[in-house]
Amino acid sequence: SASQLVYNFAGPQDRYKIAGKDINKAEYSVKQHKNYIRLEVEKAFLNAWLLQKKEDYITKLYIASKETFAKNQHQKSLDILAQNEWLQATVDFSNNMTIVQSYQDELNVAEQTLSYLTGQKQRISTITNTNTIVSNVTYPETITVLYWDKNHPTQIKPIEHYYQLALKSRSDLKIKDEE
């Protein structure tokens, strides 16, 4: 109507264009949000996968360090190990145990991050006194050992599947999605 255009400079067509831009902006925001979730899940997966691959070597380091330190303790008790050598053996053992503990902490953080981002329960591993890495937290779900092989095609579900999974299990995304 002519009177509407005279009194309101943003006529019906301008409002329609503005609404179209708002729709495009909202769609872009959703797409950007999905890409952010995908990127974070991929980074968390690769970090956890890499740390799980190191597990065998860390277990071997743990076992070798304990055996070497026990041997050094025995030599010290027989007085065939000099004080400087004993101190160096103690430092080496402490350094190796720090590496093992640091690895455990990194693995726990990586697995918990992946678990949070995907909404799936992951195992949390620790090294026990019996020289093996076992799960210290039990979940009703099966343990997820991450697997990736560049020669074996991975069955990847559409991003929408992972997005819905994340929305279902993460309250912060539910709130953001409702906004």
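Preceding this section is the structure that the text describes.
Residues numbered from 1 in each chain as written. Predicted model: local features only at pLDDT ≥ 70, side-chain atom pairs only at ≥ 80, totals over all residues. Heavy atoms only, no water.

### Notes on the pattern of salt bridges
Taken as a whole, this structure holds three salt bridges when the rule is applied. The closest approach of N and O atoms between arginine 38 and glutamate 42, which form a salt bridge, is 3.2 Å. With arginine 38 and glutamate 42 both in helix H2 (residues 12-53) and four residues apart, this pair spans about one turn of that helix. The exposure class of arginine 38 is partly exposed, given its relative accessible area of 34%. Taking the shortest distance from any N to any O, the salt bridge between lysine 60 and aspartate 56 comes out at 3.7 Å. Taken together, the positions of lysine 60 and aspartate 56, both in helix H3 (residues 55-77) and four residues apart, correspond to about one turn of that helix. (Salt bridge = Lys/Arg side-chain N within 4 Å of Asp/Glu carboxyl O. Helix = DSSP H or I, 4+ residues; strand = E, 2+ residues; numbered from the N terminus. Buried < 20%, exposed > 50% of the residue type's maximum accessible area, 1.4 Å probe, protein only.)

### Here's the deal with the nonpolar core
Counting residues in hydrophobic clusters, the biggest one holds eleven residues: Ala44, Ala48, Leu51, Ile58, Tyr62, Val100, Tyr103, Leu107, Ala110, Leu114 and Leu117. Those elements giving two or more residues to this core turn out to be H2, H3 and helix H4 (83-118). In terms of residue count, the dominant contributor to this core is H4 (six residues). Ignoring any residue separated from it by four or fewer positions in sequence, one finds alanine 44 in contact with Thr113, Leu114 and Leu117. (Core = buried A, V, L, I, M, F, W, Y, C linked by side-chain atoms within 4.5 Å. Contact = heavy atoms within 4.5 Å.)

### Brief notes about unusual backbone geometry
Backbone geometry at aspartate 79 places phi at a positive 60°, although glycine is not the residue there. Considering the arrangement of structural elements, one finds aspartate 79 in the loop between H3 and H4.

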